[in-house]
Amino acid sequence: MPDPSAFPEPTLVPVNGVVLEVFEAGAEHAGRPIVLCHGWPEHAFSWRHQVPALVAAGYHVIVPNQRGYGRSSRPAEVTAYDIEHLAGDLVALLDHYGYQDATFVGHDWGAMVVWGLTLLHPDRVNKVINLSLPYQERGERPWIEAMEAVLGGDFYFVHFNRRPGVADAVFEADAFRFLRNLYRKNEPPKAPQPGMAMINLARAETPLGEPVMSDEELDVFVAAFEESGFTGSVNWYRNLDRNWHLLAGVDPIVHQPTLMIYGTRDLVARSERLTEFVPRAEVVELDCGHWIQQEEPEQTNRVMTQWLERQDG
């Protein structure tokens, strides 16, 4: 396993009216770009295990901290984090490097952005690899409205929207404790608790299960969020209904070759109708929880590079 401490040094890149902190490797393979998009509450560093493997496979690897994260810009307006802005940042990043298109890889919220990018700018995406979060059907009601009706006001997606600033403040009160408690694997099952689950987690004295990463690796995430705060990243959630409206007029079919990687113990719901919307999707399951590429880095690397090799062949 490559040494994660050898993560590339960042560059600040002006794109789309903001500045993104970008980690780049394998520039000697210019012409074969692959862009890795992190989830919440993550960081480009969540791809530390994949960067060396993709460089070795001959890719120019581009890993941005997306807006709201790390040292990237954190606009004050909530609407600055909608899917048009997030996708626009990635399109502008391709323009910066002189690429017409690229392979895009997303985990968790990063997958949501890659799905949206592919619908809004299909000519800029040649292949899709998404982890954990499958394609989200638009449905008849805006997403937060639908979640509130089924899951109630304490569901964290809904809470982030209906009580802005409340959860952010709890997370920021002790970023270390929140992230330490969140980045776990092999957690024992527990009965649902009253209240908002993410706030409960942020306040829990004792973490459950096993840590996903070393203390030194966790320090990278903690330091980043102590500097940036959480509001920019939580604002992504506060645009879900806006995104629902923004995607109303686009072709809902993802036509690109797609690899969907699930963790068998991930709590994120799978799509039972994935291939209706992503007809060229291939599905792989790994025996892990939600933090797929960090829990099972070697398997993730093998699945990704073998799939890419087949597509390129």
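This report concerns the structure included in the present document. (Residues numbered from 1 in each chain as written. Predicted model: local features only at pLDDT ≥ 70, side-chain atom pairs only at ≥ 80, totals over all residues. Heavy atoms only, no water.)

**Observations concerning the environment of V78**
1) Next: Tracing the chain through its elements places V78 in the loop between β4 (60-65) and α2 (83-97).
2) Next: Judged by relative accessible area, V78 falls into the partly exposed class, the value being 34%.
3) Next: Distance in space between the C-alpha atoms of V78 and P8 is 30 Å, their sequence separation being 70 residues.
4) Next: Setting aside chain neighbours within four positions, we find V78 in contact with N235, R238 and N239. (Helix = DSSP H or I, 4+ residues; strand = E, 2+ residues; numbered from the N terminus. Buried < 20%, exposed > 50% of the residue type's maximum accessible area, 1.4 Å probe, protein only. Contact = heavy atoms within 4.5 Å.)

**A word on unusual backbone geometry**
1) Next: The omega angle of the peptide bond from W40 to P41 is -15 degrees, so this bond is cis rather than trans.
2) Next: Its identity is not glycine, yet N16 carries a phi of approximately 55 degrees, on the positive side.
3) Next: Within the secondary structure, N16 is located in the loop between β1 (10-15) and β2 (18-25).

**Observations regarding the environment of L267**
1) Next: Mapped onto the secondary structure, L267 falls in the loop between β9 (258-263) and α12 (274-277).
2) Next: A residue is classified by how much of its surface remains accessible, and L267, at 84% relative accessible area, is exposed.
3) Next: Considered as a pair, L267 and E9 are 258 residues apart in the sequence and their alpha carbons are 33 Å apart.

**Brief notes about the nonpolar core**
1) Next: Judged by nonpolar contacts, the single largest core of 102 residues is most densely connected at W40, F104 and F171.
2) Next: If you tally residues by element for this core, the top one is α2, at nine residues.
3) Next: With near-sequence residues (within four places) excluded, W40 lies in contact with Y69, D108, W109, F160, F171, F178, M198, S233, V234, Y237 and W291. (Core = buried A, V, L, I, M, F, W, Y, C linked by side-chain atoms within 4.5 Å.)

**Observations regarding the pattern of salt bridges**
1) Next: What the rule picks out here adds up to 17 salt bridges.
2) Next: The residue R71 makes a salt bridge to E227 at a minimum N-O spacing of 3.4 Å. Of this pair, R71 sits in the loop between β4 and α2 while E227 is found in helix α9 (residues 215-228), placing the two residues 156 residues apart along the sequence.
3) Next: Its salt-bridge partner being E205, residue R177 comes within 3.0 Å of it at the nearest N-O pair. (Salt bridge = Lys/Arg side-chain N within 4 Å of Asp/Glu carboxyl O.)

Keep in mind these values describe shape, not function.
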